[in-house]
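# Chains, contacts and geometry: an overview
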Amino acid sequence: MTRVMTKVFAIAAVVICIGTFVTMLIGLINSGYQSLSFEFLFSSPRNFGLEGGIAPILISTSMILVLAILFAVPISMLTAIFLFFRCRCDTVQTRLILTVLELLASIPSIVFGLFGMLFFCDFLHLGFSILSGGLTLALMIFPTLCLTLFASFLTLPNETRMVSESLGLSRLTVARHLLIPHSISGIVAGIVLGVCRCVAETAALIFTSGYSIRQPRSIFDSGRSLSVHIYELAMNVAGGDANANAAALVLLIVLLIINLLIFAIVDRQPNWIRSANH
Amino acid sequence: MKLTNRYRDLTFDVIITVGAYFGIAVLILILILLLGNSFPALSEFGLGEFITESKWNPTNESMPKVGAVAMLACSLMISIGAVAIAFPIGLFYLAFVFLYSPKWMAFLLRRIMELVGGIPSIVFGLWGLITLVPMVNQYYPPGASMLSATLVLALMTLPTIIISVDAALSSCRFDLMLASNALGISKESYFWFIAIPQAKYGMIVGIVLSLTRVIGETMAVVMVSGNVIQIPGSVFDPIRTVTANLALEMGYAADIHRSALFTIALVLMLMIGTLVLTLRWFQPRSFKGE
Amino acid sequence: MTTSPNIFEINNFSASYRDAEALNDVSLNIPRRGIMSIIGPSGCGKSTLLNSLNRITDLTPDFSHRGDVHFDGQNIYQRDFDVVNLRKNVGLIFQKPNPFPFSVYKNLSLPLKEHGMRNRKEIESTVNESMKIVGLLDEVSNIRRRNATELSGGQQQRLCIARTLTLKPKVLLCDEPCSALDPVSGKKIEDLLVRLGKEISVVVVTHNLAQAKRISDCVAFFCMVEGVGKLIEKGDTQKIFNAAQHHMTREYVDGSFG
């Protein structure tokens, strides 16, 4: 009985899962591809995005993304290196920091958005700007990135650690010449997954980087990210569905490219990278 | 000579320690800012009103109400509902991966879930808005409802659950499956009665963590849930969650309204934080990354 | 500084991990020259002793100790002791060869740069000198390109020794340096240790009694007594192998237990 039921349900589950996702994808492609064209990618939106393309939005998105990564990676690196060197001898401190990171990772992105609005936009007087959005996203991906980097550092063989210590190597040298080169593929994978989360994020950006549809001139200008654009078109612009679908398609293609990239770089993602990021 | 070495390490230690405490500083800063901004509303209404009253009408001049119960209840109901739908499906999906699929197919099925896991929530929301809501609308108008929200969230959380449960299951010993086969234990029995109890703990962690993700989800919910603040009479009624309320009202809220919004954000954050801390409290040592 | 004939003076040293004592009340002097073998059955605290001489036990969170260890007249466990300097002077070789995963040259030059050598010529000549001592200079070509992990096991182990030798250590601690290698490579390491023993102090932990007999000048025998590692007997190699005082030592070297 168990055998038959298991088999039936298992096959059903796979069919349901794959089926739903395939239908979803086909639906998106179906309703989006007509609007998708060369012109759509390289022209400015007109009439609230009902006409025209998404060029300035792509630019804003990449600017936000670059800023977020630029801020998040170094600080995550420091935290992860700290955890690596301390996790053996100072369990209390390590546990405290790990717990805090887990708490931060569990904070909903909308709350990060509110925090960004209060801190970057108001308190630091950055206003609705690409910089505020980038900084907010940096904070949002920071905890997960830390945990991923830490997990990849822990794969450094213990012997290497012992030898470097017995030779009296400084921690800076160990980090620079042994730790980072050893875990480079894990680091790259972690960063790329952070990029994916940034590209996908909407809620943290609506109150920080704003809705401006114009071409941003600097990082202090407001700029609309791709996902915010999809949201606006779908929810607040009547008849924006077609272009929302097209923009969603662009977003998916970008993510697919990033994902293929990551598979190329890290041929086999170990379990910890995947589980740390979901 | 030795001085330079020591000096370098000292500088390096200081820098990484600063880095390490950055996270703590951020958490404290978030708490302070949220608490500071919720203070006006908290002092006027008291926390009690937020967590007992279900009417939300902070802009009413004569009788402002800031009850978050309806929204909190909806947040919890659709999240738990979504996980309750996604978990069994995910488990059977994994049963297929572990028991019936050849290597290449298992690899493919896992990769597909990883790819799907990367789909932005806004895309799920868009799909829900354009496809699912009209579909539900045909039978039970208005369509944008608790059901749609739960289904979209279930779909969204499915890859997360599959990936984390997969990680938990992969850590138990499937090489024993053949040995137990020789003893007359079918591989299905092995999966249900030996592997899953072993992986129980990792699975619970995975489920709770995806639950926190789902509670925090905003955009997809805004797009498909109808956004009416009420305790729903049936699953076909429109609802509004805490996160959706934040996204919808923060743009124009002012004064006490704004402060009330920060308060419900704080309540939400504390709720999720408690969940995470409880989980960590019960975690055996080996799960804490030490 | 003292001119004691001993480089290490270990007084009433006890070590434990968490609550389990690994070494109990060891007092041992290690001379400035010559090879000392440490023998004894597994789990009697030999490696623990070696690791605590380099203070690499700092990496183990649950490690604690009593008693003291003097290196060159200084207590290595006192508070402001310069550990980095200790590690420069006390090389540690592990059982498994573990070169760093980069070029042979960088393996040798990295610790040198780390300890303050800046002059390129000087670094190069020191590296060559160490390579020559361990006999790798002729065996391995193109050391700037060649990745150290591509070498054979024996060569890797000799590279590890060379790596510590670049720092001109006063003591070389070896934790079963040959046991992961084939006999020919092991022999090369043995010969190397004998040569080194003429200049500096070499301490070798080994399970191979024949080896201990061949190479060492003096021998210390450790054994478990009631679950705790203890130093049973120490003395000249001849004495330990032919006329040991303690009955446990006699039994061990005769091969009747352990």
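Now for a look at the structure at hand. (Residues numbered from 1 in each chain as written. Chains lettered and ligands numbered in written order. Predicted model: local features only at pLDDT ≥ 70, side-chain atom pairs only at ≥ 80, totals over all residues. Heavy atoms only, no water.)

## Things to note about the packing of aromatic side chains
Think of a pair of aromatic rings as described by two things: how far the centres are apart, and how the planes are tilted against each other in angle. Scanning all chains against the criterion turns up 22 aromatic pairs over all chains. Taken together, a centroid distance of 5.2 Å and an interplanar angle of 50° make the contact between F8(C) and F71(C) tilted. Residue F8(C) is found in strand β1 (residues 6–17), and its partner F71(C) is found in strand β4 (residues 63–71); the two are separated by 63 residues along the sequence. When sorted by exposure, F8(C) lands in the same class as F71(C), which is buried. Through successive ring pairs, a cluster of aromatic residues spans F9(A), F92(B), F98(B), F191(B) and W192(B). The residue whose ring lies beneath K106(C) is F102(C), and the NZ or CZ to ring-centre distance is 4.4 Å. Above the face of the Y105(C) ring, R144(C) is positioned so that its terminal group lies 3.9 Å from the ring centre. (Phe/Tyr/Trp six-rings, centres within 6.5 Å; stacked < 30°, edge-to-face > 60°. Helix = DSSP H or I, 4+ residues; strand = E, 2+ residues; numbered from the N terminus. Buried < 20%, exposed > 50% of the residue type's maximum accessible area, 1.4 Å probe, protein only. Lys NZ or Arg CZ within 6 Å of the ring centre and 35° of its normal.)

## Re the interface of chain C and chain A
With 22 residues of chain C at the contact, the number on the chain A side is 17 residues. Taken together, the two surfaces of chain C and chain A that pack against each other cover about 1800 Å², and 68% of this comes from carbon and sulfur. It is L59(C), F100(C) and E114(C) in chain C that bury the most area against chain A; as a group they hold 34% of the surface buried on that side. Residue K96(C) pairs with E159(A) through a salt bridge whose shortest N-O separation is 3.7 Å. One can count six residue pairs in polar contact (both at pLDDT 80 or more) joining chain C with chain A. Going through the elements one at a time, α2 (83–89), β6 (90–93), α3 (104–114) and α5 (153–165) of chain C are the ones with two or more residues in the side of chain C that touches chain A. (Contact = heavy atoms within 4.5 Å. Buried area = accessible area lost by both parts, 1.4 Å probe. Salt bridge = Lys/Arg side-chain N within 4 Å of Asp/Glu carboxyl O. Polar contact = N/O pair within 3.5 Å; in protein donor to acceptor, adjacent residues only side chain to side chain.)

## Description of unusual backbone geometry
Residues and elements named next belong to chain C. The residue N142 is not glycine, and still its phi comes out positive at about 55°. Summarising the element assignment, N142 is placed in the loop between α4 (120–133) and α5. The phi torsion at E226 lies on the positive side, around 55°, for a residue other than glycine. Mapping E226 onto the fold places it in the loop between β9 (218–225) and β10 (228–236).

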